[in-house]
Amino acid sequence: MGRIVLEQVTKSFGETQVIPPLDLTIEDGEFAVFVGPSGCGKSTLLRLIAGLEDTTSGKVIIDGEDVTQVSPSKRGLAMVFQTYALYPHMTVRKNIAFPMRMAGIPEDEQNKKIAAAAESLNLTDYLDRKPGQLSGGQRQRVAIGRAIVRDPSAFLFDEPLSNLDAALRVGMRLEISEMHERMKTTMIYVTHDQVEAMTMANKIVVLQAGNIEQVGSPLDLYREPRNLFVAGFIGSPKMNFIEGDEAAKHGAHTIGIRPEHIEVSSDAGTWSGVVGVSEHLGSDTFFHVHDTGLAETITVRAGGEVSFKHGDRIHLTPRQDVIHKFGPDGLRL
Amino acid sequence: MAIVAQTSRAGRISRATFAWIVALIFFFPIFWMVLTSFKTDADAVKPEFLFFFTPTLENYLNMTENYDYWRFATNSVITSVFATLFTLAVGIPCAYAMAFNPSRATKDVLMWMLSTKMLPAAAVLYPMTFLTKNFLGIYDTHFLLIIVLSLINLPIVVWMLFTYFKEIPKEIIEAGKMDGVNTWGEVKEILIPLAWGGIASTALLCFIFCWNEAYWTVRLTTTEAATLSKLIEGNRAPEGLFFGRLSAVSAAAVGPIVVLGWFCQKQLVQGLTFGAVK
Ligand SMILES: Nc1ncnc2c1ncn2[C@@H]1O[C@H](COP(=O)(O)OP(=O)(O)OP(=O)(O)O)[C@@H](O)[C@H]1O
Ligand SMILES: [Mg+2]
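These numbers were taken from a predicted model, which means no experiment stands behind them.

Notes on the domain arrangement of chain B
- Examined at the domain level, chain B breaks down into domain 1 (1–67 + 235–255) and domain 2 (70–227).
- Here the C-alpha centroids of domain 1 of chain B and domain 2 of chain B sit 33 Å apart.

Take a look at the structure:
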């Protein structure tokens, strides 16, 4: 079990309020991702749930029990830190055994669990090494192993992959998703990488300056962003925003159209512009188009084989059914 | 290249020479003291006998037979060991709290603790002797010396430990909390093993300070709890008549600490230059 509820939680450091009153429910077994720009309060929120920070006001409820005043060691949660935070003086085996030893689990049961965790995380050959003798990816796996063995009611991850290189990051992302499928334990995962958020989450919580901008499934956020911030944050490359006359035609203050929802053509289209930088990814090509009279740059996605040169004039046609309309207050119409 | 090598070689030699000169200047009084301790009191005051004399063990024998050297030495060991243990027992939790749960006042408290070292000891001599003798009745006891030595050394010990603990990443302690460790467990399982080098050198330094302390140990004891500092003090004669005897006592008092320091040299240097934790 691991249903986590925040009720009117706030957090201030001295005079500055980092988290304004906030309500949030994470259901048992969910994979929730907190995403938002740097400094928006993701880590703070996670640490409030963990108990590593005290709430300034409000309640943290785990499985119906108010744990606001309960120490982190008694909340039954496990955390994986960005910096791994392994115990440098202990071997990998002792690191993984540590929470079980603290919980007074008998030694033969400890050994069974260590063996199972090491097996599933590919750590069997490294059990007798110290953390200093491991690579970043291996260290992060040890940290995950240390979290798994204690059967927590929820896992908390604070940007666990951001110290790893890109290839390893994709691999670990899959491993963590796999782990969630297998264990069905609640996981809360903090990241500022919206690709991680989109690929891993059942539920994404978009934060800005401590406020929840929107909560929903990845596709909900993609299809129906509640406001300009979420629209711009979710999706890669970023949604194009157009204001002025063109927006007024749709009865909106601002319209948004994603790069993948614009048709490119060399001879005819609704809008036209001049190709600037093109990014060839192989499968896709992104063109940054200038001089459209709509916005400074319009980004469009075309197939990998489409090829325009810098300076070519091209024509763009947005798909009408997926144009997002926003009012002057930035909210979706 | 050649020029650079030459100058650096010349530099090395002159630096080495300089270091030797300084070392010898520092070492000479001790050397002279040890030499004197093997002379009779009569020989000791004659300059012509500086290097050439008939060595004698008389001073040392005299010391153990007539002055009960071992009792003073035992007192020194007892007070220094227990004062060091007590200081650490108070200092470790204190430095731990300040390093990992700092409040707005932490920096000020640290400064204030250090500032107590600026109070001249002589200023509180009268109240200290009066109160301990007439009110508390703990004058000339091990207990008093242990408390006084601990209090004198606490600021520097807390300060040193704080510096070592600061080097431990906060996340490691937090990981411990998440892994179900209580506060005592954090100290025992994580803090002490990680800061072991720093704690050991702090303990060593504290022990040396306790052993060498003379102002209070001389003034707050008479016989029962008197330490080696008191023994030296007791053999000091203003006319300088008993130089041989005094030297023997002094050599026997500093001997143990020199040996200890010698063995722990590496630890001490490492600890005192800080940054030994990671
Ligand atoms: N101990 C603290 N004292 C004062 N301010 C703090 C403290 N911890 C965090 N803050 C402030 O709270 C805000 C949110 O910080 P937080 O670490 O939660 O951001 P984040 O979303 O995790 O950012 P990042 O993606 O960079 O990790 C920041 O403005 C930060 O400066
Ligand atoms: Mg963060």
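Picking up where we left off.
Observations concerning the pattern of salt bridges
- Under the defined criterion, the tally for this structure stands at 18 salt bridges over all chains.
- Salt-bridge contacts for A:Lys113 lead to A:Asp151; the nearest nitrogen and oxygen are separated by 2.8 Å. In this pair, A:Lys113 is assigned in helix 3 (residues 107–120) and A:Asp151 in the loop between helix 4 (136–148) and strand 7 (154–158), connecting sequence segments 38 residues apart.
- Residue classification places A:Asp151 among the exposed residues on the basis of a relative accessible area of 56%.
- Between A:Glu175 and A:Arg141 there is a salt bridge, and its shortest N-O distance comes to 3.3 Å. Here A:Glu175, found in helix 5 (residues 166–183), pairs with A:Arg141, found in helix 4; they are 34 residues apart in sequence, far enough to count as distant.
- Overall, A:Arg141 belongs to the buried group, its relative accessible area being 15%.
- Residues participating in the shared-partner salt-bridge network are A:Lys11, A:Arg47, A:Glu53, B:Lys170 and B:Glu174.

Quick word on the packing of helix 4 (residues 69–100) of chain B against helix 10 (residues 196–212) of chain B
Residue and element names in this part refer to chain B.
- The interhelical angle for the contact between helix 4 and helix 10, taken along N-to-C directions, is 140 degrees, at an axis separation of 9 Å. Between helix 4 and helix 10, the angle is such that the two are oblique. Of the two elements, helix 4 crosses helix 10, and the hand of that crossing is right-handed. Where helix 4 approaches helix 10, its residues Ser-76, Val-77, Ser-80, Val-81, Ala-83, Thr-84, Thr-87, Leu-88 and Ile-92 are matched on the opposing element by Ile-199, Ala-203, Cys-206, Phe-207, Cys-210 and Trp-211.
- Split by residue class, the contact of helix 4 with helix 10 holds 11 nonpolar, 4 polar and no charged.

Brief notes about the sheet that holds strand 12 (residues 254–257) of chain A
Residue and element names in this part refer to chain A.
- Pairing is antiparallel across the open sheet formed by 3 strands, whose spatial order is 11-12-18. Bordering the open sheet on either side are strand 11 (240–243) and strand 18 (324–326), each of which pairs with just one other strand. Across the sheet, the mean angle separating the axes of adjacent strands is 25 degrees when strand polarity is ignored.
- Strand direction decides the pairing type here: strand 12 and strand 18, joined by 3 bridges, are antiparallel.

Some thoughts on the site of ligand 1
Residue and element names in this part refer to chain A.
- In the vicinity of ligand 1, the contacting residues are Phe-13, Val-18, Ser-38, Gly-39, Cys-40, Gly-41, Lys-42, Ser-43, Thr-44 and Glu-159.
- The separation between an oxygen atom of ligand 1 and a polar main-chain atom of Gly-39 is 2.8 Å.
- Here the shell around ligand 1 takes 3 residues from helix 1 (residues 42–50), the largest share from any one element.
- The residue makeup of the shell around ligand 1, split by class, is 3 nonpolar, 5 polar and 2 charged.

Concerning a negative patch on the surface
- Taken together, the side chains of A:Glu7, A:Asp23, A:Asp28, A:Asp63, A:Glu65 and A:Asp66 make up a negatively charged region of the molecular surface.
- Tracing the sequence through the fold places A:Asp28 in the loop between strand 2 (16–26) and strand 3 (31–35).

Overview of the nonpolar core
- Within the largest apolar cluster, 68 residues are counted, with the highest numbers of intra-cluster contacts made by A:Phe34, A:Leu156 and B:Phe165.
- The greatest single-element share of this core, amounting to 10 residues, is contributed by helix 7 (residues 142–166) of chain B.
- Not counting residues within four places of it along the chain, the set of residues in contact with A:Leu156 comprises A:Leu46, A:Ile49, A:Ala50, A:Leu77, A:Ala78, A:Met79, A:Val80, A:Ile188 and B:Met178.
- Membership of the second largest hydrophobic core comes to 42 residues, among which are A:Tyr84, A:Met100, A:Val142 and A:Ile176.

Overview of helix 8 (residues 170–178) of chain B
- Considered for burial, the residues of helix 8 of chain B that qualify are B:Ile172, B:Ile173, B:Glu174, B:Ala175, B:Gly176 and B:Met178.
- Looking at the packing, one finds that the buried side of helix 8 of chain B touches helix 1, strand 6 (77–80), helix 4 and strand 7 of chain A together with helix 4 and helix 9 (183–194) of chain B.
- Of the residues trailing helix 8 of chain B, B:Gly180 is marked for its positive phi of about 90 degrees.

Quick notes on the interface of chain B and chain A
- Counting residues at the interface gives 15 residues for chain B and 23 residues for chain A.
- Interface of chain B and chain A: buried area, both sides summed, is about 1600 Å²; carbon and sulfur atoms make up 66% of it.
- A per-residue breakdown of the area chain B buries against chain A is headed by B:Met178, B:Asp179 and B:Glu189, which together make up 42% of the total.
- Applying the counting rule to chain B against chain A returns 3 salt bridges.
- Residue B:Asp179 is joined to A:Arg146 by a salt bridge in which the shortest nitrogen-to-oxygen separation is 3.6 Å.
- Counting every contact that joins chain B to chain A gives 8 residue pairs in polar contact (both at pLDDT 80 or more).
- Those elements giving two or more residues to the side of chain B that touches chain A turn out to be helix 8 and helix 9 of chain B.

The rules behind the values
- Residues numbered from 1 in each chain as written.
- Chains lettered and ligands numbered in written order.
- Predicted model: local features only at pLDDT ≥ 70, side-chain atom pairs only at ≥ 80, totals over all residues.
- Heavy atoms only, no water.
- Domains from an automatic or database assignment.
- Salt bridge = Lys/Arg side-chain N within 4 Å of Asp/Glu carboxyl O.
- Helix = DSSP H or I, 4+ residues; strand = E, 2+ residues; numbered from the N terminus.
- Buried < 20%, exposed > 50% of the residue type's maximum accessible area, 1.4 Å probe, protein only.
- Axes fitted to C-alpha atoms, helices over the stretch in contact; angles between N-to-C directions.
- Parallel < 35°, antiparallel > 145°, perpendicular 65-115°, else oblique.
- Left-handed = near helix turned anticlockwise from the far one by under 90°.
- Contact = heavy atoms within 4.5 Å.
- Nonpolar A, V, L, I, M, F, W, Y, C, P; charged D, E, K, R; others polar.
- Pairing = 2+ DSSP bridges.
- Near = heavy atom within 4 Å.
- Polar contact = N/O pair within 3.5 Å; in protein donor to acceptor, adjacent residues only side chain to side chain.
- Patch = residues over 30% accessible without salt bridge, like charges linked within 9 Å, V, L, I, M, F, W, Y side chains within 5 Å.
- Areas by Shrake-Rupley, 256 points an atom, 1.4 Å probe, with all protein chains shown as cover.
- Lys, Arg positive; Asp, Glu negative; His and termini not counted.
- Charge placed at Lys NZ, Arg CZ, Asp CG, Glu CD.
- Core = buried A, V, L, I, M, F, W, Y, C linked by side-chain atoms within 4.5 Å.
- Buried area = accessible area lost by both parts, 1.4 Å probe.

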